[in-house]
Amino acid sequence: MKMPHPVPYQGSKRKLAPIIGRYLPQGISTFYEPFAGSAAMTIYAAYHRRASRFVIGDSFEPIVRLLRAIVNEPEKTANQYKILWKGKRDENNEYFNSIRDRCNKKQHHVDLLYLICRCVKNAIRFNKSGHFTQSVDKRRLGMRPDKMLSAILGVSSILQGRVEFRVGDWLETTADARPVNFLYMDPPYLGTSIGRDKRYHQQMMQNELVGGLENLMRRRVPFALSYDGTTGGRPYGPLLPESLGLTRLLLHAGTSAQATLVGRKEKTVESLYLTPGLGLLIR
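Keep in mind that what you see is a predicted model, and the values were worked out from it rather than measured. (Residues numbered from 1 in each chain as written. Predicted model: local features only at pLDDT ≥ 70, side-chain atom pairs only at ≥ 80, totals over all residues. Heavy atoms only, no water.)

Visitor: Could you give an account of helix α7 (residues 145-159), with specific residues and numbers?
Guide: With 15 residues, α7 should reach 21 Å at 1.5 Å per residue; the first-to-last C-alpha distance of 21 Å fits that figure. Buried within α7 we find Pro-145, Met-148, Ala-151, Ile-152, Gly-154, Val-155, Ser-156, Ile-158 and Leu-159. Packed against the buried residues of α7 are α2 (40-47), β2 (51-58), α3 (61-72), α4 (74-85), α6 (109-118) and β3 (163-167). (Helix = DSSP H or I, 4+ residues; strand = E, 2+ residues; numbered from the N terminus. Expected span 1.5 Å × (residues − 1). Buried < 20%, exposed > 50% of the residue type's maximum accessible area, 1.4 Å probe, protein only. Contact = heavy atoms within 4.5 Å.)

Visitor: Just give me the short version of unusual backbone geometry, but keep the residues and values in it.
Guide: Of note, the phi angle at Ala-39 is positive, near 60°, even though the residue is not glycine. Assignment of secondary structure puts Ala-39 in the loop between β1 (28-33) and α2. Of note in this structure, Gln-107 is not a glycine but carries a positive phi near 55°. Inspection of the secondary structure puts Gln-107 in the loop between α5 (94-106) and α6.

Visitor: If you had to explain the environment of Ser-135 to someone new, which residues and values would you point to?
Guide: Examined against the element boundaries, Ser-135 turns out to sit in the loop between α6 and α7. Looking at Ser-135, the relative accessible area reads 36%, which means it is partly exposed. Counting along the chain gives 38 residues from Ser-135 to Asn-97, while the straight-line C-alpha distance between them is 7.7 Å. Ignoring anything within four residues of it in the chain, the contact list for Ser-135 reads Phe-96, Arg-100, Cys-119 and Val-120.

Visitor: Before we move on, could you go through the packing of aromatic side chains and cite the residues and values that matter?
Guide: Applying the stated criterion across every chain, the model contains 7 aromatic pairs. Judged by centre distance (6.1 Å) and plane angle (80°), the rings of Phe-126 and Phe-132 are edge-to-face. This pair shows no difference in class: Phe-126 is buried, exactly as Phe-132 is. Cluster of aromatic residues (ring-pair linked, three or more members): Phe-31, Phe-54 and Phe-182. (Phe/Tyr/Trp six-rings, centres within 6.5 Å; stacked < 30°, edge-to-face > 60°.)

Visitor: Residues and numbers for the side chain of His-109, please.
Guide: Following the sequence through the fold, His-109 ends up in helix α6. Excluding residues that lie within four positions of it along the chain, His-109 makes contacts with Pro-62, Arg-65, Leu-66, Ala-69 and Gln-80.

Visitor: Describe in detail the pairing of β2, supporting the description with residues and values.
Guide: For β2, the buried fraction is high: 6 of the 8 residues fall into the buried class. Sheet topology note: the β1/β2 ladder contains 5 bridges and is parallel. Following the sheet pairing, Thr-30 is matched in β2 by Arg-53. After leaving β1, the chain enters α2 and then returns to the sheet as β2, a path that is right-handed. Pairing geometry for β2 and β3, over 5 bridges, is parallel. Bridge pairing in β3 links Asp-58 to Val-167. (Pairing = 2+ DSSP bridges. Right-handed = clockwise from strand over helix to strand, strands pointing away.)

Visitor: Which residues make up the pattern of salt bridges, and what are the values?
Guide: Enumeration according to the criterion identifies 11 salt bridges in this entry. Across the pair Arg-144 and Asp-146 runs a salt bridge whose closest N-O atoms are separated by 4.0 Å. Of the charged contacts in the structure, one is a salt bridge between Arg-166 and Asp-176, with a shortest N-O distance of 2.9 Å. Of this pair, Arg-166 sits in strand β3 while Asp-176 sits in the loop between α8 (170-173) and β4 (182-185), and the two are 10 residues apart along the sequence. Overall, the relative accessible area of 14% leaves Arg-166 in the buried class. (Salt bridge = Lys/Arg side-chain N within 4 Å of Asp/Glu carboxyl O.)

Visitor: Quick one: what's the story with the packing of α4 against α7, residue by residue and with numbers?
Guide: When two helices pack together, their arrangement is given by the angle between the helix axes and the distance between those axes. At a closest axis distance of 9 Å, the pairing of α4 and α7 adopts a crossing angle of 160°. Relative to α7, the element α4 lies roughly antiparallel. For the crossing formed where α4 meets α7, the hand is right-handed. Of α7, the residues touching α4 (which contributes Pro-74, Glu-75, Thr-77, Ala-78, Tyr-81, Lys-82 and Trp-85) are Pro-145, Met-148, Leu-149, Ile-152, Leu-153 and Ser-156. (Axes fitted to C-alpha atoms, helices over the stretch in contact; angles between N-to-C directions. Parallel < 35°, antiparallel > 145°, perpendicular 65-115°, else oblique. Left-handed = near helix turned anticlockwise from the far one by under 90°.)

And the structure:
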């Protein structure tokens, strides 16, 4: 079975997962992904049998409900998506906008899946109220229902009965993590969570992140963190402080989809920070 990926949004670590996966230790008891998004690393770790159990968390409740439905109600979720995908389409985008308005009011998880699949470049954007604002991609119809069904069934088959879903702040959803566990974190980057271009429903300042990382290190919980980097040579934000003692690697993430949207062709390089010792695990 090809590794499934039913939530195809911009910024997902699906393409980088095999590289990040080189640094996962053996014998992980529970794999945590507290900034889940599309849960790309959880899917990778489950597909390759790198952990016994998984915890998927996010502060954005609709995405957690969507991932839970994909795992626990795969056929129902795929059918609801199929109905939306086959719904009325028009040149004035009224259908897409009506689903977006409904999603922002009622926060239905399958509405969110449809919006992610149909919006421009799968590039999710939110306003200061946390409402989905991205417009429809007129050139693409989004993932076809048959492909979506296959992806959803694939994720369900590798995670059902092995995963717990949590909604909340990342420190709360990982409060029970221990040294035999492992955390993969892909939090909002400083340069993409402030200002006009908000790619997340909630922002995070770097001092908050650093304080949480220090807490994890005091508890000796191993982790890998995707954070900052550059696009076209321009940094997302300042590096994490050296006082944390983390190993920093540079991963080439390919052409920036965001730059492509505005007519530029630029390469993205992302940082992967590892707790001490994980850098020796490369396979």
